[in-house]
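Commentary on secondary and tertiary structure
These are the residues of each chain, in order.
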Amino acid sequence: MCKKKKKRSPPPRQPKTRPRLYQAFIALLEERGFNQITVKELCDRAQINRGTFYNNYTDIYDLETWLEGQLFGQIRQILRADPAHHALSPDSIRAVIDYVKQNQQLVMAMVHGGLANRIETVLKRELVSIMEDFLQADFERATLLPAKYGRAVFASEVSAVIMLWINDGMVESSADLVGMLTVLRDHPLKDIVGCVYD
């Protein structure tokens, strides 16, 4: 009678693997840009073997998607924790901005390392989702623009301010950025750009 081979369980993951990969990824983004990073180079920098990398991620894109998911997932958690989340209070917006600033090195590396378009696309998608999920915005019921255009206008306005803030090095304070986003929320475009027509 043939004994069945016992299926081996995977070796336990080292708790320091992800932080080392994270730091190596950021360093390589800053030095070379996303499209120039190889798994071998990343593993060498993180001082792990490639097998360990592939136990955690399928490829470099999977690592980037995981980091992006962590970043935006935490933003959603911050918004869910706000008891007044249906109003997107200045305090919750400030908490999100503070979180982004705490992760400035990663965000800046991603934006300046060739992932700016990807980050902006995800940011726009998340902004619309936040509006619909947290504020119960109903772009379908809005009457001034068809829904897809209303979503695009909203997401583009807010993401443009956030991406400019990131590209400029996150110089303005959280309070200043909250103020700018509040102006976008509370005032018509003609007031913001200074049009004299009515």
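Structure: see above.
Summarised in this report is the structure supplied together with it.

What counts and what doesn't
- Residues numbered from 1 in each chain as written.
- Predicted model: local features only at pLDDT ≥ 70, side-chain atom pairs only at ≥ 80, totals over all residues.
- Heavy atoms only, no water.
- Axes fitted to C-alpha atoms, helices over the stretch in contact; angles between N-to-C directions.
- Helix = DSSP H or I, 4+ residues; strand = E, 2+ residues; numbered from the N terminus.
- Parallel < 35°, antiparallel > 145°, perpendicular 65-115°, else oblique.
- Left-handed = near helix turned anticlockwise from the far one by under 90°.
- Contact = heavy atoms within 4.5 Å.
- Nonpolar A, V, L, I, M, F, W, Y, C, P; charged D, E, K, R; others polar.
- Phe/Tyr/Trp six-rings, centres within 6.5 Å; stacked < 30°, edge-to-face > 60°.
- Lys NZ or Arg CZ within 6 Å of the ring centre and 35° of its normal.

A short note on the packing of helix H4 (residues 60-81) against helix H5 (residues 90-102)
Their axes nearest at 9 Å, the elements H4 and H5 cross at an angle of 155 degrees. By the angle between their axes, H4 is roughly antiparallel relative to H5. Pair H4 / H5 crosses with right-handed handedness. From H4, Gln70, Leu71, Gln74, Ile75, Ile78 and Leu79 reach across to H5, where they touch Ser92, Ala95, Val96, Tyr99 and Val100. Considering only residue class, the contact of H4 with H5 consists of eight nonpolar, three polar and no charged.

Points about the packing of H5 against helix H8 (residues 174-186)
Contact geometry for H5 and H8: axes closest at 9 Å, N-to-C directions at 130 degrees. In terms of axis orientation, H5 runs oblique to H8. Crossing angle aside, the handedness with which H5 passes H8 is right-handed. Seen from H5, the contacting residues are Pro90, Ile93, Arg94, Ile97, Asp98 and Lys101; seen from H8, they are Ser174, Ala175, Leu177, Val178 and Leu181.

Examining the packing of aromatic side chains
Note on aromatic pairs: each is described by the distance of the centres and the angle between the planes. Scanning all chains against the criterion turns up five aromatic pairs. Taking 6.2 Å as the distance between ring centres and 80 degrees as the angle between the ring planes, the aromatic pair formed by Phe25 and Phe34 counts as edge-to-face. Measuring from centroid to centroid gives 6.1 Å for Tyr57 and Trp66, while their planes differ by 65 degrees, and the two rings are edge-to-face. Taken together, the ring pairs connect Phe53, Tyr54, Tyr57 and Trp66 into an aromatic cluster. Positioned above the aromatic ring of Trp66 is the side chain of Arg18, whose terminal nitrogen or guanidinium carbon lies 4.4 Å from the ring centre.

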